[in-house]
Amino acid sequence: MLTTEFLSGNQFEEYGSWLKAQDPETISEYFGCALGPEAIDNLVEKFSQNDQQNHFLIAKIKHQWVGTIHIATHTKAVEFGVIVAMLHRRQGIANAMMDQAITWARNRFYTDLYMHCIERNSAIKRLCQKHDLKVRNMMGDSQADLILLPPTPFTYLKEQMTAQHNLLAKLFPYQYSYQ
């Protein structure tokens, strides 16, 4: 059973620890280059210093992290960075996180979404296209953009239903463990 949660600012180090546990290929696909533990620690420190503009949506299966979306906010725009652990790809995890993160952004009145996609990461480009982001080639890599629609009663309800699902999965883990 896939559950999600947003990290609080004092949990950002957990994000760094999870990143450092990923294989080098996953890190390279995410950042576009090899990145060592010290560089990840420096990034996490920057995120922690600006926790009002950095948000992390975490996907879990049986309480184990399987993916994250880093949501960086700027005035009216959001930038997403999606990463799923190698062993958990092609299971719809990125799709579910992306759907939730887009709803979250819409419900907070952000108007523009963008993502940077390295050329060799075709999976992330497909994910962008699936969620209607327009992918443009820019000097070998790609940028994907989406104009976000304003929130609706349905988007607020959708966010609340996701929160309830996650709460029930925490309160009654045995009922949700076989799905």
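Conventions adopted
- Residues numbered from 1 in each chain as written.
- Predicted model: local features only at pLDDT ≥ 70, side-chain atom pairs only at ≥ 80, totals over all residues.
- Heavy atoms only, no water.
- Helix = DSSP H or I, 4+ residues; strand = E, 2+ residues; numbered from the N terminus.
- Polar contact = N/O pair within 3.5 Å; in protein donor to acceptor, adjacent residues only side chain to side chain.
- Contact = heavy atoms within 4.5 Å.
- Axes fitted to C-alpha atoms, helices over the stretch in contact; angles between N-to-C directions.
- Parallel < 35°, antiparallel > 145°, perpendicular 65-115°, else oblique.
- Left-handed = near helix turned anticlockwise from the far one by under 90°.
- Nonpolar A, V, L, I, M, F, W, Y, C, P; charged D, E, K, R; others polar.

Q: Is there a simple way to explain the side chain of H70 in this structure?
A: Inspection of the secondary structure assignment puts H70 in strand β3 (residues 64–74). Side chain to side chain, H70 and N54 meet in a polar contact 2.7 Å long. Residues in contact with H70, not counting those within four places in the same chain, are Y15, Y30, F47, N54, H55, F56, E79, F80 and G81.

Q: Looking at this model, I keep getting lost on the packing of helix α1 (residues 12–20) against helix α3 (residues 37–49). Mind explaining?
A: Any two packed helices are characterised by the angle at which their axes cross and by the distance between the axes. Direction vectors running N to C along α1 and α3 enclose 155°, while the axes themselves pass 9 Å from each other. Here α1 lies roughly antiparallel to α3, going by the angle between them. Where α1 crosses over α3, the two elements pack in a sense that is right-handed. For the pair formed by α1 and α3, the contact residues are F12, E13, Y15, G16, L19 and K20 on the first element and P37, I40, D41, V44, F47 and S48 on the second. Here the residues of the contact of α1 with α3 sort into 7 nonpolar, 2 polar and 3 charged.

Q: Would you take a moment to explain the environment of I71 for this structure?
A: Of note, I71 is situated in strand β3. Each C-alpha atom of the pair I71 and D112 lies 12 Å from the other, and the pair is 41 residues apart in sequence. Those residues within four positions of I71 in sequence are excluded, and the remaining contacts are F6, Q53, N54, H55, V78, E79, F80, A101 and W104.

Q: Would you mind showing me how to read the environment of S48 here?
A: Looking at where S48 falls in the secondary structure, it is placed in helix α3. Sequence separation of S48 and Q11 is 37 residues, and the distance between their C-alpha atoms is 8.9 Å. Setting aside residues no more than four positions away along its own chain, S48 makes contact with G9 and F12.

Keep in mind these numbers describe shape, not what the thing actually does.
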